[in-house]
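Remarks on the overall topology
One letter stands for each residue in the lines below.
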Amino acid sequence: MAATPRPDTGGQRVNPIPISLALEEIITTGVRQRLPNPASARFGTMLAGVRTLDGRQEIVACGTVSAKTLAGAHGGDKPFIAKVYPEAASSFELVAMGEDTEAARLQIGGSCRAAGLPILDTGPRTHL
């Protein structure tokens, strides 16, 4: 059985930045294009940071999204990692999106934490 590749965050922490309306539009549009039911997407926490790798500036964005499946059922929050390249006409790259498994959530959450963008509370879940 092949190992699941780890989402690449470049191994470098980012400098956190506020998410402007323009950046939010790029991220949400890019993520929606990868969903089976884009119109139903609801975005949760999103954090972003900027860094330079190999002389190229990139914005790393981590967040969560939930959307309906093709069958119409509403899925749970799925974490994602994306990159936006401001010097390349703000091109968008979806690095990884978690499935409905705890392992996928923890893997993407860990990659985001390593980059300095902790979107998920990976501790025990409690319901009030």
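1. A closer look at the environment of Glu 58
Inspection of the secondary structure assignment puts Glu 58 in strand β3 (residues 56-66). Taking the C-alpha atoms as reference, Glu 58 lies 8.2 Å from Glu 87; in sequence the two are 29 residues apart. Residue contacts for Glu 58: discarding those within four places in its chain leaves Gly 49, Val 50, Arg 51, Leu 53, Lys 83, Val 84, Tyr 85 and Pro 86. Among the polar contacts made by the side chain of Glu 58, one reaches the side chain of Arg 51 at a distance of 2.7 Å.

2. Quick word on the sheet that holds strand β4 (residues 78-85)
Strand pairing in a sheet relies on backbone hydrogen bonds. The paired strands run either parallel or antiparallel. An order of β1-β2-β3-β4-β5 is seen for the five strands of this open sheet, with the pairing classed as antiparallel. The sheet is open, and its two borders are formed by β1 (15-17) and β5 (91-97), each paired with just one other strand. Sheet twist, expressed as the mean angle between neighbouring strand axes with direction ignored, is 30°. Helix α1 (residues 21-32) contacts β1, β2 (42-53), β3, β4 and β5 of the sheet and is inclined by roughly 110° relative to β2.

3. Description of the pattern of salt bridges
Across all of its chains, the model carries two salt bridges by this definition. One salt bridge connects Glu 58 with Lys 83, and the closest N-O pair in it is separated by 3.9 Å. With Glu 58 in strand β3 and Lys 83 in strand β4, this pair connects stretches of sequence that are 25 residues apart. Judged by its relative accessible area of 5%, Glu 58 falls in the buried class. A relative accessible area of 6% means that Lys 83 is categorised as buried. Here the residues in one salt-bridge network are Arg 51, Glu 58 and Lys 83, joined through shared partners.

4. Describing unusual backbone geometry
Not every positive phi belongs to a glycine, and Ala 89 is a case in point at roughly 55°. Inspection of the secondary structure puts Ala 89 in the loop between β4 and β5. In this structure, Ser 90 is a non-glycine residue whose phi angle is positive, near 55°.

5. Some details on the confidence of the model for the protein chain
Detailed reading of the predicted coordinates is not advisable wherever pLDDT is low. When pLDDT is averaged along the protein chain, the result is 82, and 84% of the positions lie at 70 or above. Within the protein chain, no element has a lower average pLDDT than helix α2 (residues 102-115), which sits at 83, and none a higher one than α1, at 96. Across residues 1-9, where pLDDT falls below 50, the model places 16 contacts with residues more than four positions away in sequence or in other chains.

6. Things to note about the state of the cysteines
Here a disulfide denotes a covalent bond joining the sulfur atom of one cysteine to the sulfur atom of another. Applying the stated criterion across every chain, the model contains one disulfide. Disulfide partner of Cys 62: Cys 112, at an S-S distance of 2.1 Å. Torsion about the S-S bond of the Cys 62 and Cys 112 cystine: about -95°, corresponding to left-handed handedness. One end of the pair, Cys 62, is in strand β3; the other, Cys 112, is in helix α2, with 50 residues separating them in the sequence. Take Cys 112: its relative accessible area is 0%, and that puts it in the buried class.

Cut-offs used in this document
- Residue indices follow the written sequence of each chain, beginning from 1 at its first position.
- Residues qualify for local features only when their pLDDT is at least 70, as the model is predicted, and side-chain atom pairs are given and counted only at 80 or more; totals for whole chains, interfaces and linings, by contrast, use all residues.
- In computing side-chain values, all of the structure's heavy atoms are included and hydrogens and water are not.
- A run of H or I in DSSP counts as a helix once it spans at least four residues, and a run of E counts as a strand once it spans at least two, with each numbered from the N terminus.
- We call two residues contacting when some pair of their heavy atoms lies within 4.5 Å.
- What qualifies as a polar contact is a pair of N or O atoms within 3.5 Å, subject to a donor-acceptor requirement within protein and to the restriction that residues adjacent in sequence count only when both atoms come from side chains.
- Pairing between strands is defined by DSSP: at least two bridges between the two strands are required.
- Inter-axis angles, ranging from 0 to 180 degrees, are taken between N-to-C directions of lines fitted to C-alpha atoms, where helices are fitted over the stretch in contact.
- Any Lys or Arg side-chain nitrogen found within 4 Å of a carboxyl oxygen on Asp or Glu counts as a salt bridge.
- For every residue, the accessible area (1.4 Å probe, protein chains only) is compared with the maximum for its type, and the residue is labelled buried under 20%, exposed over 50%, or partly exposed between those bounds.
- pLDDT is defined as a per-residue confidence score from the predictor, taking values between 0 and 100.
- Count a disulfide wherever a pair of cysteine sulfur atoms falls within 2.5 Å.

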